[in-house]
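What follows is the residue order along each chain.
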Amino acid sequence: MSILGNRVLRREDPKFLTVGGTYVADLELPGSVHVTFVRSNMAHAKIVSVDSSRAKAMPGVIDVFSNDDLGLANFPTIMEMTNAAMTPPMLASGTVRFVGEPIVVIVAETREAAADAAELVVIDYEPLPVVIDPVEARKDEILLFPEAGTNVAFTLDFGGDDTLFDACEVVVELTLANQRVAPCPLEGRSAAAHMTADGRLEFSSATQAPHGVRDALVSFLGLEPEQVHVVTPDVGGGFGAKASVYQEDIVVGWCALRLGRPVRWTETRSESMVGLGHGRAQVQHARIGGTRDGIVQAYRLDVLQDSGAYPGFGAVLPFMTRTMTSGPYKIARAECASVSVVTNSTTTTAYRGAGRPEATAAIERMMDVFAREIEMDPAELRRRNLISKDEFPYTTPVETVYDVGDYHRALDLALEVADYEQLRTEQSRRRLSGDVRQLGIGLSCYVEITNGLPDGEFGAVEIRPDGKVIVRTGTSPHGQGHVTAWSMLVAEQLGIAIEDIEVIYGDTDVVPRGAGTMGSRSLQIGGAAVNQAALDVIEKAKDLAADLFEADRGDVVLDKASASFHVVGSPAVSHSWAELAAAALAKDGGPLFAEVDLASPGPTFPFGTHVSVVEVDTETGKVTVLRHIAVDDAGRIVNPLLAEGQVHGGIAQGVAQALLEEVVYDLDGNPLTSTLADYSFISAAELPSYETRFTETPTPVNALGAKGIGESGTIGSTPAVHNAVCDALAHLGVRHVDMPTTPMRVWSAIEEAAARTNAKGQG
Amino acid sequence: MIPASFDYVRAATVEEAIDLLVQHGDDAKLLAGGHSLLPLMKMRLAQPALLVDIAPLRALSYVRDEHDHVAVGALTRHHDLANSPVAISGASVLAHVAGQIGDPQVRHRGTIGGSIAHGDPASDLPAVLLALGATMVAQGPTGRREISAADFFVSFFEVALAPDEVLVEVRVPKSSPGQWGFEKLTKRAQDWAIVGAVAVRSSSGVGVGLINMGPVPLRASGVEAAIASGKDAKEAAELASEGTEPSADFNGSLEYRQHVARVLVRRALEKVGV
């Protein structure tokens, strides 16, 4: 019987539920000193002078450095296409471009002394005009990099067809805000660095990609790869924002080299809210057209991406948005173009979904707007336009090739679980009675891309002489449950109990290579690599067993039930895994071992349908989510418990974007949401119990048949909730409310619609 | 998020706390639950030289039935107030509202006295105490004095306590269970109210309090007068925003807050049968 597909409890959890995890800040590092960054409190200004003399003289302060002291190169552009004139220095030099940009680094004996010393650094600024709104930035009137002559950091333009909508009977368009949000991992950024006795830099990092951190340290600090050892202790979430290396990481490494003492840095929450990359931040203009009987024929999406102060991963998110332009629909003609601009705000980066939720939010909102225009039920419009299951592989108008799917099945199941007809009846009843609390029903059919980047992944399986297994993986889990899932994959192949399987990750000395955990890639490429290594180690074991049995290799079989090898037809004589590991040692002097560098076989395309049911208090504008139904298809599910966990967390973050979360700046570029009292990080009290279902349509792309599941929740849920809020208000004349649909915003939309209706009535 | 350095003294008695306040004047701050003061210190918006910790004075944590009123010790934590049988029967609106403050962690640390003395117009309890016609008891070097809720909240984050006084007790006239309405609009359960309203019916009429509708917690006297003159909930509630000057922020414009105040007051009034 297969272990795969079972709700195996997380092997990771007993520790977290009893003694708790060990994070970077928990590491004991005798004699360590503490780093604090003095950050800009101006959004855009020339730095006239920096006086650190009082800070330097303070007792307990070891040294204070500015960018000139570091002598390090600027951070390179993330991709060659982004504007090369816009690279950030390690510490701000000459100009500051957002509130929170590090200017000075203080090293002190204690964290408290460093914080006190930070207050003594006097920075004289000459304010420059500030631009926060990307629409304003696009006008190039206020420039962040005058030498660049523009705020445009990156452009995607494949041209446009003027006749795109010519054949359409109905065309509607809308400008949509996909607002800036903060990823808010429970653990902020944290690093600790020290030189070992043999002259290596050991660097502990709260990261999603330890090998990426190693490579960056090697490159910036001028070290050899073997001189740097990066480890990740437990990591308290990342959501994409910890997939990149930050300037602060490099500076911490530099301080350890310079001072020869262990150095540590853990950002505060207030720093994290302005220093850790933000997500989303698109202004979208969408146009959709089709026939009166509900066939969508053309769609165009124009994206204005806010990169923040420097073009990082956020600047190139529109790549992913464009890839998913037309969603799960068979639209004959679709286009997407984008412009990314810099603004005086925190640099944007990948955040759970990274470019794909933005695509889904646009097309799903437009499907609802189009349905309303032609007076068709939004579920019916979707049904008429979904790609059919017999049309895969399916190539979209933007040349994305979807692997496999059964989109209609997900839609039908979601509607069935929701009891959609009954919901519409209840909605009609409330509309007719003029209920203060109106019901909204929102749908989102989504398809997304996982493992969309070209990296492969490392996996290794080693059988120890005691019969236990060591698995090494290049993925870097930080909550996902890879220890449990990879154990299951290996147990399935080898017949060895998961309790006897140890999974090692997040240590660049022990795991030689790895791309890390991001983009919902881990199972389908990292798990697949481990799976392949397990298959390879079986082949090696069969060679050894054939020698021991003096039998033909082709006659040796693995009996998984007893975890032993025998010659076909003679199960009485067998060799256990331990015996074969011993045989390997005797023969080669090495372990029974296989390692794999699995090249990426290309992306997969998870899909599903979410239905959200909300209640809107039309007097106050407050939205309450009553139900959330999620039908997700991530191909073959290895462990439903883990998959549900991913969906649950994703829905929470997705609902939060629809209803609550938004990073807000004032006109001077001061962040107004830099604490969790002001930034509306969602809690369990705002969320219903989810109704989750999986359909399983295995992908042919990898041996496991698995697709990614880490980001489906945020991709599927946000538009469903957003559509539900707009749906609740539709009969009041409200066409659209931008996210987040906060009480005041919803109330204002109702008021404005009422005013329009009254004006018409009087006119 | 790291406070400036400060001295810390744990007071063994109220008298010792008062002595320390007399000695150190404005440099000293009382520490109770710490849920208002410590965040301000961590942001370095407050940098007291001395913290006088009165949280261990458990003698000031009680809820007592005192015939015509319920007496609540100033160091009673919100959780304890919310679950006190005496409060639930004699001042059920107070128990209910205490159970709605922040989140469970906040309610297990925060105290009624700390919340009141902080004088935050966005806090829930001050408006409830106004509507109930509560009385605060302060103790200073020369003994105790009573301050009516109406006189207690002076201006933005300023209350009638002298720098050397400790708030020791809150006295709430008894009210009947079910004779009140409390409405709070928040984005998240744990948030401060964007706007809140409370209505309490007593033998002397209906008291109405407003949360976050100005620099101090307010009593909606116009509404109260309208009810006394026989107006219904809808008509009376229209007066809820009169004379209010709520602040504007990204959670609510002035117009929005005034509108919500009218809605919430009407709903609260309907619950007390107006």
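From a predicted model like this one, the values you see are computed outputs, not experimental measurements. (Residues numbered from 1 in each chain as written. Chains lettered and ligands numbered in written order. Predicted model: local features only at pLDDT ≥ 70, side-chain atom pairs only at ≥ 80, totals over all residues.)

Engineer: Go over the overall build of chain A with me, naming the residues and quoting the values.
Structural biologist: When you go through chain A residue by residue, the secondary structure sums to 19 helices and 28 strands. Taken against the 2.2 N^0.38 rule, which gives 27 Å for 763 residues, the C-alpha radius of gyration of chain A at 28 Å falls within 12% of a compact globule. C-alpha extents for chain A along the principal axes are approximately 95 × 75 × 50 Å. Long-range contacts, defined here as pairs at least 24 residues apart, represent 80% of the contacts in chain A between residues at least 6 apart. (Helix = DSSP H or I, 4+ residues; strand = E, 2+ residues; numbered from the N terminus. Rg over C-alpha atoms; globule rule 2.2 N^0.38 Å. Contact = placed C-beta atoms within 7 Å.)

Engineer: How would you sum up the nonpolar core? Please name residues and give values.
Structural biologist: Grouped together as the largest cluster of nonpolar side chains are 312 residues, with contacts concentrated most on Ile106(A), Val490(A), Val198(B), Ala199(B) and Val265(B). Of the residues forming this core, the biggest block, 12 residues, is contributed by helix H15 (residues 522-549) of chain A. (Core = buried A, V, L, I, M, F, W, Y, C linked by C-beta atoms within 7 Å. Buried ≥ 20, exposed ≤ 12 C-beta atoms within 10 Å, placed from the backbone.)

Engineer: Help me get a handle on the domain arrangement of chain B, residues and values and all.
Structural biologist: Residues and elements named next belong to chain B. Examined at the domain level, chain B breaks down into domain 1 (7-53), domain 2 (58-173) and domain 3 (182-271). The partner domain 3 presents 21 residues to the 21 residues of domain 2 that form the contact. The residue inventory of the side of domain 2 that touches domain 3, partitioned by class, reads 14 nonpolar, 5 polar and 2 charged. (Domains from an automatic or database assignment. Nonpolar A, V, L, I, M, F, W, Y, C, P; charged D, E, K, R; others polar.)

Engineer: Residue-level account of the interface of chain B and chain A, with values.
Structural biologist: Contacts between chain B and chain A engage 16 residues on the former and 22 residues on the latter. Looking at which element gives the most residues to the side of chain B that touches chain A, the answer is helix H12 (residues 254-271) of chain B, with 3 residues.

Engineer: If you had to explain the confidence of the model for chain B to someone new, which residues and values would you point to?
Structural biologist: Scored by pLDDT, chain B has a mean of 96; 100% of the residues are at 70 or more. With a pTM of 0.97, the predicted complex shows an ipTM of 0.96. (pLDDT = per-residue confidence, 0-100.)

Engineer: I'd like a description of the packing of helix H6 (residues 210-221) of chain A against helix H7 (residues 247-259) of chain A, backed by residues and values.
Structural biologist: Residues and elements named next belong to chain A. Two numbers describe how H6 lies on H7: the axes approach to 10 Å, and their chain directions differ by 60 degrees. In terms of orientation, H6 lies oblique with respect to H7. Our pair here, H6 against H7, has a crossing hand that is right-handed. Here Val213, Ala216, Leu217, Phe220 and Leu221 of H6 come into contact with H7, specifically with Asp249, Ile250, Gly253, Trp254 and Leu257. A breakdown of the residues in the contact of H6 with H7 according to their chemical character gives 8 nonpolar, 1 polar and 1 charged. (Axes fitted to C-alpha atoms, helices over the stretch in contact; angles between N-to-C directions. Parallel < 35°, antiparallel > 145°, perpendicular 65-115°, else oblique. Left-handed = near helix turned anticlockwise from the far one by under 90°.)

Engineer: Account for the sheet that holds strand S11 (residues 180-185) of chain B, with residues named and values stated.
Structural biologist: Residue and element names in this part refer to chain B. Pairing is antiparallel across the open sheet formed by 4 strands, whose spatial order is S11-S12-S13-S14. Single-partner strands in this sheet number two, and they are S11 and strand S14 (218-219). Where S11 and strand S12 (residues 195-202) come together, 6 bridges link them in antiparallel fashion. By the bridge assignment, tryptophan 180 is partnered in S12 with valine 200. Seen against the sheet, helix H8 (residues 124-132) touches S11, S12, strand S13 (205-211) and S14 and runs at an angle of roughly 160 degrees to S13. Each of S13 and S14 is contacted by helix H10 (residues 221-228), which is oriented at about 155 degrees to S13, the strand it contacts most. (Pairing = 2+ DSSP bridges.)

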